Structures are given as structure tokens and as C-alpha cells.
Amino acid sequence: MGWLTELVEERGAEALDLHAQTINPQFVKLLRTIGFDRRWARAQGAHLWDDDGNRYLDLLGGFGMFNVGRNNPRIREALVEALELERPGSVQLGVDVLPALLAEELLRRAPVSVDKVLFTSSGTEAVEAALKLGRAATGRSRVLSAEHGFHGLTLGALSANDGREFTERFGPLLPGFGRVPWNDLEALERELAREDVALFLVEPVQGKGVNLPAPGYLEGAQELCRRFGTLFCVDEVQTGFGRTGRLLALEHWGLEPDLITVAKSLSGGYVPVGALLMARRVHEEVFDSMPHAMSHGSTFAPNELAMAAGLATLHELRERRLVEESARLGERLLELTLPLVDEFEVVQDVRGLGLAWAIEFGEPDGGGSMTYRLVERAQQGLFAQLVVVPLFTKHRILTQVAGHDMAVIRILPPLVLTDADVEEFADALRATIKGAQRMPTLTKFAFSAATAAVSRR
Ligand SMILES: Cc1ncc(COP(=O)(O)O)c(C=O)c1O
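Fair warning: this is a prediction, and the values are worked out from it, not measured in the lab. (Residues numbered from 1 in each chain as written. Predicted model: local features only at pLDDT ≥ 70, side-chain atom pairs only at ≥ 80, totals over all residues. Heavy atoms only, no water.)

(A) Structural view of the overall build of the protein. Within the protein, the secondary structure is distributed over 19 helices and 15 strands. For 457 residues, the compact-globule estimate of 2.2 N^0.38 gives 23 Å, and the protein sits close to it at 22 Å. Each principal axis of the C-alpha atoms in the protein carries an extent, and together these give about 70 × 65 × 40 Å. Going through the 457 residues of the protein one by one, you find that 54% of them count as buried. For the protein, contacts bridging at least 24 residues in sequence account for 72% of all contacts bridging at least 6. Side-chain charges in the protein split into 48 positive and 62 negative, and the spacing between the mean points of these groups amounts to 3 Å. (Helix = DSSP H or I, 4+ residues; strand = E, 2+ residues; numbered from the N terminus. Rg over C-alpha atoms; globule rule 2.2 N^0.38 Å. Buried < 20%, exposed > 50% of the residue type's maximum accessible area, 1.4 Å probe, protein only. Contact = heavy atoms within 4.5 Å. Lys, Arg positive; Asp, Glu negative; His and termini not counted. Charge placed at Lys NZ, Arg CZ, Asp CG, Glu CD.)

Here it is, written out as C-alpha cells:
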């Protein structure tokens, strides 16, 4: 038995207490309050097991980083092989072939508008790179993003974030950042017409509420950006690599952005990774001379393990046709869950694209559910928690509230889900909403403060 196996066997049971002691006591308190304090023993595909041997359906997928499934054996093999090869990576004043090969694969699959890749180690770093390079390439400083947008939590990306729950207490944020309403081309045009905006940063499908773009919105935004000399930056950190039923979500609308950010699932969930794909002219403006050859970067960014995992992940997505599966299962999920809008007066909407899916609750018209009103008056978004918690504790299905103070539940499952998993979720959801509607309310308010924090990202 290896030392790591021994260590985990010996100390594994301490995970929650030790985490509270050394990392984050408030988070552990929160998990205990809402009954999410499992001791996790193992994971495979779209499932997790606790140390009592119970199996859970993981529809959260690590915030959408396990598109090829947890502990995917093909990605693991590639990583083991990369370790055994003892590659000469990260020479820093030298190059290896793996980053260039992954860049080549990414560009082969991306729209022709992008021509160079800059690797990062996370989504927020890819966004930071877009902000920095976008400013340098245009000589402009303003940055626009959409209301309800989420782009990461480092200071630059945070400045483009719309969630007050993330931004307050951390100001002042960077100057020059502004927000425009989602799906509003007129508002965007008014801002862009000032011809001082470096880039417009937008998610093709907003993660916070799984908000879909109105027909023509993204194409119109791209056209306006071109007209007024603004770089069009599509943030595919969450939507990339099959999430919406296309390899990149932008394919749904035939977009050709100047900048594309990716991360999360690119390394199969094993190794931190991210990338900024950029138009040739952006690259040429920033890296315009030998003294500027290293104008942006990060020590670990194009590391060998991330690159090997990235290559293996793109291969796995294609071999197992997981992008097509995402589209097919997403359709099936909508087919099974759209009827909930008619079945329950508290269900206002069910929406999705591929395996980015959400259900929205709302106060019924004209009287309706007393429970819903009482619960939401106690705390906005609480009704959704009354569904998320029993889905986990009773049905062993992990989901999440889509954003702070939101009556929306969303899922970002591994794309290796089966039809049976989708059916299990739809049945459990129906039973849980029925139960939540009948909930003797006041006894449930005890966990309201705690549950607010579960809906962070
Ligand atoms: C659209 C989008 N951009 C950026 C990020 C930040 O990525 P990371 O958590 O890897 O920093 C996220 C994370 O959820 C995201 O959804």
C-alpha cells in the first residue's frame, strides 16, 4: 500500500473537522447545517460515493468541470504516461511540443477568427488575460459586461462581475468597467458608440441563471463591436467543451469573436487549466517585438500535465461523441421537465441548452401557494433551497441554486450521464417540488441564512 493510500485511510475520517480547523470553519458549519456534510469516499463518471457506500448522482459536476466524467480512465492514462515520460516541460526559456499541440487542436476546433492561444491555469486568469491584452491591443480602457454575468473572482474579472454578493466588501474595483442589460442591443450600442470600449465580455449562456440569449442578441452584439472597434470576447469557461450540445456554445450562433476564454473541463477535471484564444491582430498588437515577447504569462500555465490532459480530453469528447450526447440528453431532460411548468403553479420556467439546464420558481398568479409566499418572504431564493436540500438528502442527487437570492436551480452534470440518470432526476425533482409546496414552513427557516451561501457560483 502506498503512503498516500495509508494516509487517506488513517486520516480520511477527519476531513470535515480538519477542514474546519485549517481551511474554512464557516464552510463546514454551512455544510453541516444543510445536511451536505458527507465524507466522500470515491467518484466515477457522474457519481459520488460516501463512506457508508451510498451512491449520489452528481449533477453539479464540480461547477461544470467534469464534462468527460469524474476520474475518466483515458485521461488518467494520458497523465500517467506524461509523468512516466519525464517530459522537459516548463523550461521557461525554451519550448516543448505539448502546449503547441494542444493550441493547434484548440484552434482547429475554434472559429477562424482566432489564431493564437495563451494558456492560463484557471478561468478567471483567462478573463484577466482578455482584459489586459484587450486594453493593450485597442489602446482603450473601458470594459463592458452584461448584467447577471459571472466571469471569475480575481480583481479584474470581479470588476466585470455583476453579483453584488461577490463584489461588495472588495472595492474599489478596477476603473473603467460598466454593465449593460442582458439581451439589450440598444443599450449596448449606446455605450459602444462612444468608441472608447476595449472589449465587451459576455457569456453565450449566462451561468448564474442559465439565461439564454434572445434570438439575434449575440450576433447583433458581435456586429456592434465590429462597427465601433470594440473586441468581442465570448467567455466559454462554463459553456465550452460540449456543455451546451456544441463543442463551443458560440457555434449555435456562428459567432466569430476576437477573444474566447476557456477553462474548467479542458483538462477533464484533473489539472488546473485555462486558455485565451485570440485574433491575430490582438496578438500582434501586444506581442509586437522581442522586448514584448513575454508581456503576459504565468509560471505554471502551459504545464505538461494540463497539456496532456487537455489533448486527451479533446480526444475523449470526440471518441465518445459526448458533445452529441450532451445535445441529445439535454433534449430528453427538457422533454421530461417542461411539463412541470403546467403541473406546479410555483414552477415558472424550465430552460436549457444541452446539459446546461435550470428550473425557475416564482410566486403563483392570483393567490396560489401560501408556502411559496411565506418562504420567499423569509429569504429570497429559499424555496429553491427547499428543493435542493431534499434532492440531496432524500434522493442523493447533487444540484445547486443558480445564484445568490435566486429562485433558480441549475445543473452542470458530466456529459457521460445516462438516460436512466436523467429519468431518475426528473422523477426525484417532481416528488421534491410536490413535497416543498406542502412544507410546514416555519420549521424550515432555521437553515435559511446558511443556505444563502450555498449558491455562490
Ligand atoms: C463564465 C465563467 N467565466 C469565468 C469563470 C471563472 O473560472 P475559474 O473558477 O476557473 O476561475 C467561471 C467560473 O465559474 C465562469 O463560469
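(B) Region of the structure containing the pairing of strand β7 (residues 197–202). A large share of β7 lies buried, amounting to six of its six residues. Both strand β5 (residues 142–146) and β7 contribute to a ladder of four bridges, which runs parallel. Residue pairing across strands places Val143 opposite Leu199, the latter belonging to β7. Direction of pairing for β7 relative to strand β8 (residues 231–235): parallel, over a ladder of four bridges. Bridge pairing links Phe200 to Phe232 in β8. (Pairing = 2+ DSSP bridges.)

(C) Looking closely at the confidence of the model for the protein. Averaged over all residues, the pLDDT of the protein is 93; the fraction at 70 or higher stands at 94%. In this model residues 441–447 is a low-confidence stretch, pLDDT under 50, and it forms 14 contacts with partners more than four residues away in sequence or in other chains. (pLDDT = per-residue confidence, 0-100.)

(D) View of helix α17 (residues 382–393). In this model, α17 (12 residues) spans 16 Å end to end at C-alpha, consistent with the 16 Å of a helix rising 1.5 Å per residue. Taken across its 12 residues, α17 has 11 buried, putting it largely inside the fold. Where α17 is concerned, the buried positions are Leu382, Phe383, Ala384, Gln385, Leu386, Val387, Val388, Val389, Pro390, Leu391 and Phe392. (Expected span 1.5 Å × (residues − 1).)

(E) Representation of the pattern of salt bridges. This structure, assessed with the given rule, holds 32 salt bridges. Put simply, Arg142 and Asp196 hold a salt bridge, and the shortest N to O gap is 2.9 Å. Residue Arg142 is found in strand β5, and its partner Asp196 is found in the loop between α10 (185–192) and β7; the two are separated by 54 residues along the sequence. With its nearest N and O atoms 3.2 Å apart, the salt bridge here joins Arg320 to Glu316. A relative accessible area of 37% means that Arg320 is categorised as partly exposed. With a relative accessible area of 3%, Glu316 lands in the buried category. (Salt bridge = Lys/Arg side-chain N within 4 Å of Asp/Glu carboxyl O.)

(F) Main features of the nonpolar core. Phe200, Ile359, Phe361 and Ile433 are the most contacted members of the largest nonpolar core, which totals 111 residues. Broken down by element, this core gets its largest block of residues, nine residues, from α17. Not counting residues within four places of it along the chain, the set of residues in contact with Phe200 comprises Leu144, Ser145, Ala146, Val180, Leu188, Tyr217, Ala221, Cys225, Thr230, Leu231, Phe232 and Cys233. Judged by nonpolar contacts, the second largest core, of 23 residues, contains Leu118, Phe177, Leu199 and Val286. (Core = buried A, V, L, I, M, F, W, Y, C linked by side-chain atoms within 4.5 Å.)

(G) The packing of helix α5 (residues 73–85) against helix α13 (residues 304–319), seen in detail. Packing of α5 against α13 leaves a shortest axis separation of 9 Å and a crossing angle of 150°. Judged by the sense of rotation from one axis to the other, the crossing of α5 with α13 is right-handed. Contact residues: Arg74, Ile75, Ala78, Leu79, Ala82 and Leu83 in α5; Leu305, Ala308, Ala309, Ala312, Thr313 and Glu316 in α13. Considered class by class, the residues forming the contact of α5 with α13 number nine nonpolar, one polar and two charged. (Axes fitted to C-alpha atoms, helices over the stretch in contact; angles between N-to-C directions. Left-handed = near helix turned anticlockwise from the far one by under 90°. Nonpolar A, V, L, I, M, F, W, Y, C, P; charged D, E, K, R; others polar.)

(H) Up close: the state of the cysteines. Evaluated as defined, the whole model comprises zero disulfides. Summary of cysteine pairing: Cys225 is not part of a disulfide, and the nearest cysteine sulfur, belonging to Cys233, is at 9.7 Å. Residue classification places Cys225 among the buried positions, given a relative accessible area of 0%. For Cys233, a relative accessible area of 0% puts it in the buried group. (Disulfide = S-S within 2.5 Å.)

(I) Examining the packing of aromatic side chains more closely. Tallying each qualifying case throughout the model produces eight aromatic pairs. Look at Phe36 and Phe392: their rings are 4.0 Å apart centre to centre, the planes differ by 25°, and that puts the pair in the stacked class. Taken together, the positions of Phe36 in the loop between α3 (25–34) and β1 (40–44) and Phe392 in helix α17 put the pair 356 residues apart, joining distant regions of the chain. Across the pair, Phe392 and Phe36 agree in class, each one buried. One aromatic cluster is present, formed by Phe36, Trp40, Tyr56 and Phe392 through successive ring pairs. (Phe/Tyr/Trp six-rings, centres within 6.5 Å; stacked < 30°, edge-to-face > 60°.)

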